[in-house]
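Given next are the chains, with one letter for each unit.
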Amino acid sequence: MLGNSIDSIFTQEIHNKYLVFNTLFSRLPYDKMTKIGQLMPFLHDLSEAGFNQEKEPKEIIDTFFNQYTSIREEKEKIDLLFRFITYIERQVVLFDSVEDSAFDKLYPLNGKGTLQGTLDLALQHDKLAEVQEKLKNFKVRIVFTAHPTQFYPSSVLRIIQDLEQLIPKNDINGIDSLLQQLGKTPFINEQKPTPLEEAQSIIFYLRHVYYQVIGEVHDKLYTYFQNGSRSFNPVLELGFWPGGDRDGNPFVTAEISKKVSIELRTSILKCYYNDFKIICRRLTFKGVMPLLTAISNRIYTNMNGLKHDLTLEELLTSLDEVRQILITRHNSIFLDLLDKFIRQVKLFGLHFASLDIRQDSSIHESVMEQINQRYKISDKKYADWSYDEKLRFLTEQELLVNEDDFEDPLTQDTFRTVRIIKEIQTMNGEKACHRYIISNSTSIFSVLEVLALFRFCGYKETDVKVDVMPLFETIEGLDGSQATMTALYQLEFYKNHLERRNNHQTIMLGFSDGTKDGGYVKANWEIYQAKEKLTEVSKQNQVEVIFFDGRGGPPARGGGKTHQFYASQGPTIANNEIQITIQGQTITSMYGSRSQAMYNFEQLLSAGIINDVFQDDKSVINSNERNLIDELAEEGVKKYFELKEHPLFVPYLENKSTLKYYGLTNIGSRPSKRSSGKKLSLSDLRAIPFVGSWSQLKQNVPGYFGFGSALQKAVNEGRLEELKSLYENSLYFKTLMENSMMALTKTYFPLTYYMRKDPEYGQFWEILYKEYQLTVDNMLLISGQKSLMENEKLSKLSIEYREHIVLPLLTIQQYALQKIEETTDEQLRLVYEKMVTRSLFGNINASRNSA
């Protein structure tokens with residue numbers, strides 16, 4: 001698509017429609033709301049001019065009230081500012097809806113990275129047979145998490161979906177009615193959602209978007225690459241964390257995990273029941289109808305919880321019986337309809353999505369200590385045992401624990417969780433719950449403790465139908481991952497376990513905490529190198545390794561150009577599966593509608609195929625390039641560590657950002673920090689509020705800090721041409737830089753220019769600003785671009801439009817933070833704190849991938 005056509009489509013389909021529909025906001029059913037739309041441009045222009053003149057937010061807001069209103073009382077000013085927040089929140093919703101409704105025109109489903117595009121490429125290069133071979137063993141697993149980054153409540157998301165249907169039709173009356181509904185619909189939850197409610201909100205997308213879309217993707221694969229073959233190999237799989245991820249979330253229990261698994265079973269049966277109605281209407285043939293009625297009744301009784309006796313094997317056997325009768329007695333009429341349904345059943349089973357269990361390694365260590373004490377295993381604390389003592393205990397000790405022997409609720413629930421896995425597998429099939437992920441894995445014992453738990457809970461070795469997956473997420477953990485896996489692979493006890501799991505080992509790598517721990521460049525490069533080493537050591541031990549990437553929305557948490565990221569991974573990294581987490585904002589902004597989900601699922605599939613079948617030199621990093629990236633990573637982490645160790649690093653976030661207000665938004669069941677202590681430490685701070693707070697400040701530090709200094713050092717050494725060559729010839733480095741450019745494009749330091757005068761934090765602010773300037777200058781120099789994201793016009797236009805909408809909201813947020821600092825009136829402080837909390841929603845929703 002040519003640049004001028006992008007401008008033209010954006011103007012016609014997004015800009016013009018947004019302006020027209022935005023005029024309807026003057027009719028929002030709110031008292032005194034009619035003048036907000038007229039006042040908003042004045043506040044925007046004052047903000048833009050004022051920030052560029054280094055004015056304080058207080059001065060900008062005061063000027064606005066003095067020049068454009070007759071309001072002088074603080075209470076009335078506060079009231080108007082809250083109405084501005086309400087108005088802007090809904091403008092963001094409208095822009096989201098308008099932009100998403102134009103998705104098909106902006107991203108056609110026959111372009112680069114789509115399945116049609118990949119088929120064309122295969123035919124052009126005579127590689128269709130190679131693509132077909134690749135698809136026999138290749139999979140993409142999308143894992144939905146409950147991480148709190150979705151700032152739209154479910155009611156608003158439904159309105160957005162309805163708006164997306166009406167906007168292409170230019171249905172003014174319908175859109176007007178929905179905007180009026182939007183005006184009356186609250187954006188903030190009065191209470192935090194429960195884990196079950198979080199699960200239900202994502203199951204909505206499974207039922208109403210992914211069930212159909214994933215089926216359609218497989219229909220394309222079947223048509224394009226499988227030549228109508230009878231054999232069917234599911235390539236796309238779904239994973240599910242809500243109700244299974246208990247890391248740092250005390251509200252996720254064994255009982256919740258079982259309830260979620262029942263919800264998933266019920267939901268997929270509802271999908272089948274609706275689809276099966278169509279089959280029953282078509283297959284009205286002798287000998288077939290009684291079989292269909294029996295199948296329909298079994299689905300119905302199990303769907304409504306009247307019985308729990310339907311298994312996947314029984315369902316497929318019954319369907320195959322119908323199929324044989326269609327072929328032998330009825331000339332295969334409507335066989336394609338039945339076959340499509342059978343493919344859906346093979347895709348989703350009775351589980352819909354696999355429920356992953358996740359817990360932190362420290363919890364398992366604590367449980368081992370309590371077992372040690374309760375059953376008098378040793379006089380020494382478990383933490384003080386020698387390597388050999390731990391190894392013998394974890395691999396040989398015969399013990400049957402009774403959870404009622406323990407007083408600690410978390411310990412009791414750990415045992416219940418291990419036992420509930422078997423119940424879930426019995427009810428919904430093995431795939432329903434077959435992965436146990438260990439956060440903060442540090443050694444072989446992190447994995448062996450989990451296997452020991454299964455044995456202590458009464459499982460025989462052959463009954464453990466679970467993949468135990470270490471999650472390496474800190475720089476230290478990544479550094480030690482090769483040694484950990486080497487030791488595990490060479491342990492006879494673990495070899496036996498892997499043999500029972502088809503010699504497949506999934507390893508999870510965490511981008512979010514890695515970036516928080518070691519900075520953007522170092523974390524990304526460390527993960528790349530860890531994958532290379534783990535690929536090699538797995539190959540040496542005849543183990544097929546699969547990497548599961550814990551990626552968030554923004555580049556600082558592993559997001560950004562996800563498809564390009566996978567296409568950039570060279571032959572030194574195992575590529576038999578792509579496994580990735582998506583969460584909150586990413587679910588709705590990239591996979592929220594059928595067209596978006598179809599496009600992005602296809603992009604991931606194509607990335608894996610292209611990486612392997614159509615690999616070019618740009619995905620291979622040669623030794624000189626590797627040395628240069630090494631140097632950049634080391635210099636980057638050095639600079640980032642200097643910042644992290646600055647005595648004002650945490651206080652700055654705590655006192656000058658919105659960090660402390662994340663926990664008040666009620667968007668997720670999980671606490672915003674790991675420990676309950678009053679004093680904040682960086683290690684306790686979760687990656688989402690950490691990255692999100694920098695985003696609200698429009699400083700986006702985790703997405704670039706240290707990169708600029710690292711590039712500058714190389715430039716000073718006369719290596720500019722090397723850097724330019726690296727950018728042009730290494731797809732990995734190009735992706736790394738362009739993801740960082742996205743973070744930089746969303747950065748707006750004028751918002752906080754006033755902080756440079758702050759007596760306490762002024763110098764610290766200057767450190768951040770200088771690194772930002774250095775990074776921008778060097779990235780433009782190396783890439784040859786005149787402005788950031790110059791080659792990604794569509795994304796840049798979207799970002800600029802969104803930033804324009806929320807600028808007044810950012811002004812209000814900073815104003816409220818200033819008022820909190822200076823006020824001595826406790827009641828007034830609470831009001832301004834509420835203002836800050838309310839302002840988070842519009843800002844984060846506008847950014848789409850900021851948390």
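Since the structure is predicted, the reported quantities are computational estimates derived from the model, not experimental observations. (Residues numbered from 1 in each chain as written. Predicted model: local features only at pLDDT ≥ 70, side-chain atom pairs only at ≥ 80, totals over all residues. Heavy atoms only, no water.)

## A look at the overall build of the protein chain
For the protein chain, the helix and strand inventory stands at 35 helices and 9 strands. For a compact globule of 851 residues, the expected C-alpha radius of gyration is about 29 Å, and the protein chain comes in at 28 Å, within 12% of that figure. Here the C-alpha coordinates of the protein chain stretch approximately 80 × 70 × 60 Å along the principal axes. Residues counted as buried form 61% of the 851 residues belonging to the protein chain. Long-range pairs, those at least 24 residues apart, make up 81% of the contacts in the protein chain between residues at least 6 apart in sequence. Here the protein chain displays about 33600 Å² of accessible surface, and carbon together with sulfur accounts for 49% of that area. Distance between charge centroids for the protein chain: 4 Å, based on 99 positive and 111 negative side chains. (Helix = DSSP H or I, 4+ residues; strand = E, 2+ residues; numbered from the N terminus. Rg over C-alpha atoms; globule rule 2.2 N^0.38 Å. Buried < 20%, exposed > 50% of the residue type's maximum accessible area, 1.4 Å probe, protein only. Contact = heavy atoms within 4.5 Å. Areas by Shrake-Rupley, 256 points an atom, 1.4 Å probe, with all protein chains shown as cover. Lys, Arg positive; Asp, Glu negative; His and termini not counted. Charge placed at Lys NZ, Arg CZ, Asp CG, Glu CD.)

## Here we look at the pattern of salt bridges
Per the stated rule, a full pass over the model turns up 49 salt bridges. Between Asp-356 and Arg-435 there is a salt bridge, with its nearest N and O atoms 3.0 Å apart. On the criterion of sequence distance, the pair formed by Asp-356 in the loop between strand E3 (354-355) and strand E4 (357-360) and Arg-435 in strand E5 (residues 435-439) is long-range, its members being 79 residues apart. Judged by its relative accessible area of 0%, Asp-356 is buried. With its nearest N and O atoms 2.5 Å apart, the salt bridge here joins Glu-631 to Arg-719. (Salt bridge = Lys/Arg side-chain N within 4 Å of Asp/Glu carboxyl O.)

## A closer look at the sheet that holds strand E8 (residues 544-550)
Read across the sheet, 9 strands follow the order E3-E2-E1-E9-E8-E7-E6-E5-E4 without closing on themselves; strand pairing throughout is parallel. Two strands bound the open sheet, and with one partner strand each, they are E3 and E4. Inspection of the sheet shows strand E7 (residues 504-510) paired to E8 by 7 bridges, in the parallel sense. Bridging from a neighbouring strand, Met-508 pairs with Phe-548 of E8. Across the sheet, helix H10 (residues 195-225) touches strand E1 (139-145) and strand E2 (236-240), and the angle it forms with E2 is around 175 degrees. Across the sheet, helix H26 (residues 594-613) lies against E1, E2 and strand E9 (577-583), angled at about 135 degrees from E1, the strand it touches most. (Pairing = 2+ DSSP bridges. Axes fitted to C-alpha atoms, helices over the stretch in contact; angles between N-to-C directions.)

## What to know about helix H31 (residues 720-729)
Looking at H31, one finds that the buried residues are Leu-723, Leu-726 and Tyr-727. Along the axis of H31, the buried residues cluster in a sector spanning 95 degrees; they form a single face. Buried residues in H31 make contact with helix H27 (623-644), helix H30 (707-716), helix H32 (731-745) and helix H33 (762-783). (Arc of directions from axis to C-beta.)

## Remarks on the pairing of E4
Residues Ile-357 and Gln-359 point to one face of E4 and Arg-358 and Asp-360 to the other, with burial holding for every one of them. As defined by bridge partners, E4 adjoins E5 across 4 bridges and the pair is classed as parallel. Considered in E5, the bridge of Ile-357 is made with Tyr-436.

## Regarding the environment of Gly-762
By the element assignment, Gly-762 lies in helix H33. With residues up to four places along the chain from it excluded, the contact list for Gly-762 reads Met-755 and Arg-756.

## Quick word on helix H35 (residues 826-847)
The first and last C-alpha atoms of H35 sit 32 Å apart over 22 residues, in line with the 32 Å expected at 1.5 Å per residue. Where H35 begins, the side chain of Asp-825 points an oxygen toward the backbone nitrogen of Gln-827, at a separation of 2.9 Å. (Expected span 1.5 Å × (residues − 1). Polar contact = N/O pair within 3.5 Å; in protein donor to acceptor, adjacent residues only side chain to side chain.)

## Observations concerning the side chain of His-497
The residue His-497 is located in helix H21 (residues 492-500) in this model. What His-497 contacts, discounting residues up to four positions off in sequence, is Leu-451, Val-464, Val-466 and Val-468.

## Points about the packing of aromatic side chains
Evaluation of the coordinates by the stated rule reveals 57 aromatic pairs. Taken together, a centroid distance of 4.9 Å and an interplanar angle of 80 degrees make the contact between Phe-454 and Tyr-459 edge-to-face. For the pair Phe-454 and Tyr-459, a shared accessibility class is recorded, and that class is buried. Plain terms: the ring middles of Tyr-704 and Tyr-772 are 6.2 Å apart, the flat faces sit at 70 degrees to each other, and that makes the pair edge-to-face. With a gap of 68 residues between them, Tyr-704 in the loop between helix H29 (687-696) and H30 and Tyr-772 in helix H33 connect regions that are remote in the sequence. The class for Tyr-704 is buried, based on a relative accessible area of 0%. (Phe/Tyr/Trp six-rings, centres within 6.5 Å; stacked < 30°, edge-to-face > 60°.)

## Notes on the packing of helix H6 (residues 115-124) against H10
Packed helix pairs are characterised by how far apart their axes lie and by the angle those axes make with each other. Close contact between H6 and H10 brings their axes to 11 Å; oriented N to C, the two are set at 15 degrees. What the angle tells us is that H6 and H10 run roughly parallel. For the pair H6 and H10, the sense of crossing is right-handed. Taken together, the residues of H10 that come into contact with H6 (itself represented by Leu-115, Gln-116, Thr-118 and Leu-119) are Val-217, Lys-220, Leu-221, Tyr-224 and Phe-225. Partitioned by chemical class, the residues of the contact of H6 with H10 number 6 nonpolar, 2 polar and 1 charged. (Parallel < 35°, antiparallel > 145°, perpendicular 65-115°, else oblique. Left-handed = near helix turned anticlockwise from the far one by under 90°. Nonpolar A, V, L, I, M, F, W, Y, C, P; charged D, E, K, R; others polar.)

## A closer look at the confidence of the model for the protein chain
Confidence in the prediction for the protein chain averages 89 pLDDT; 92% of positions are at 70 or higher. In this model residues 553-559 is a low-confidence stretch, pLDDT under 50, and it forms 41 contacts with partners more than four residues away in sequence or in other chains. (pLDDT = per-residue confidence, 0-100.)

## A closer look at the pairing of E8
Most of E8 sits out of view: 6 of its 7 residues are buried. Bridge count for E8 against E9 is 2 bridges, and the pairing is parallel. Paired with Phe-548 across the bridge in E9 is Gln-579.

## So, unusual backbone geometry
Residues other than glycine seldom take positive phi values, yet Lys-698 does so here, at roughly 60 degrees. The topology assignment puts Lys-698 in the loop between H29 and H30. We note that Met-789 has phi near 60 degrees; this positive angle belongs to a residue other than glycine. Structurally, Met-789 can be placed in the loop between H33 and helix H34 (793-822).

## Overview of the environment of Pro-108
Structurally, the position occupied by Pro-108 is in the loop between helix H5 (103-106) and H6. On the basis of relative accessibility, which here comes to 34%, the residue Pro-108 falls in the partly exposed class. For the pair Pro-108 and Ile-278, spaced 170 residues apart in sequence, the C-alpha to C-alpha distance is 30 Å.

## Digging into the side chain of Ser-101
With respect to the element layout, Ser-101 can be found in helix H4 (residues 74-101). Among the polar contacts listed, one links the side chain of Ser-101 to the backbone oxygen of Val-98, at a separation of 2.7 Å. In this structure Ser-101 touches Glu-164, Ile-167 and Pro-168, once residues within four positions along its chain are discounted.

## A word on the nonpolar core
Counting 259 residues, the largest nonpolar core has Tyr-210, Phe-240 and Tyr-272 as its most contacted members. The dominant element in this core, judged by the number of residues it contributes, is H10, at 16 residues. When neighbours within four sequence positions are excluded, Tyr-272 is seen to be in contact with Tyr-211, Ile-299, Leu-315, Phe-341, Gln-344, Val-345, Phe-348, Gly-349 and Leu-350. Core analysis: the second largest hydrophobic core is formed by 7 residues, Val-143, Ile-437, Leu-471 and Phe-548 among them. (Core = buried A, V, L, I, M, F, W, Y, C linked by side-chain atoms within 4.5 Å.)

## Some remarks on the state of the cysteines
One pass over the full model with this rule turns up 0 disulfides. No disulfide involves Cys-271; its sulfur sits 16 Å from the nearest other cysteine sulfur, which is in Cys-280. (Disulfide = S-S within 2.5 Å.)

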